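The chain contents come next:
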Amino acid sequence: MSHPASIYCYHCGRQHPSAEMRQIDTKGGKKWRCIKSIEATKKNAAQRDAFGKTVTMVNKAEQQARVKARLDAERLQTAG
Ligand SMILES: [Zn+2]
């Protein structure tokens, strides 16, 4: 039998239908992993990236607001 009905998924630690499996290259060689876990990992990575970008943008905005507030304060002190 060249096409087994199910293949062991190293990520989940159990077998899935072979149609849901993809062979991927890892440091330890070629391994079988299910599409679901691959997609889930991709999604998590994308969410992490999006979250990281949002945090960076908020930090930048806060820093800019602080700088502007300080400049405004200095301008008021030196004016007149
Ligand atoms: Zn799996």
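How each quantity is defined
Residues numbered from 1 in each chain as written. Predicted model: local features only at pLDDT ≥ 70, side-chain atom pairs only at ≥ 80, totals over all residues. Helix = DSSP H or I, 4+ residues; strand = E, 2+ residues; numbered from the N terminus. Rg over C-alpha atoms; globule rule 2.2 N^0.38 Å. Buried ≥ 20, exposed ≤ 12 C-beta atoms within 10 Å, placed from the backbone. Contact = placed C-beta atoms within 7 Å. Expected span 1.5 Å × (residues − 1). Pairing = 2+ DSSP bridges.

J.: I keep staring at the overall build of the protein and nothing clicks. Help me out?
T.: Along the protein, the regular secondary structure elements total one helix and four strands. Starting at the N terminus and walking to the C terminus, you meet the elements of the protein as β-β-β-β-α. Relative to the 2.2 N^0.38 estimate, which gives 12 Å for 80 residues, the radius of gyration of the protein is 26 Å and therefore markedly larger than a compact globule would have. Across its three principal directions, the C-alpha atoms of the protein cover 90 × 20 × 15 Å. Counting across all 80 residues of the protein, residues that qualify as buried make up 5%. In the protein, 16% of the contacts between residues at least 6 apart in sequence involve partners at least 24 apart.

J.: Could you clarify how one ought to interpret helix α1 (residues 35-78) in this entry?
T.: Along an α-helix, a turn takes 3.6 residues, which lines up residues three or four apart on a common side. Taking 1.5 Å of rise per residue, the 44 residues of α1 would be expected to cover 64 Å, and the 64 Å separating its terminal C-alpha atoms lies within 8% of that figure. Little of α1 sits inside the fold, with zero of its 44 residues counted as buried.

J.: Could you clarify how one ought to interpret the pairing of strand β3 (residues 21-26) in this entry?
T.: Regular strands place side chains that alternate from one sheet face to the opposite one. Here β3 pairs with strand β4 (residues 29-34) via six bridges, running antiparallel. Note that in β4 the partner of Thr26 across the bridge is Gly29.

Function cannot be inferred from these measures alone, as they are strictly geometric.
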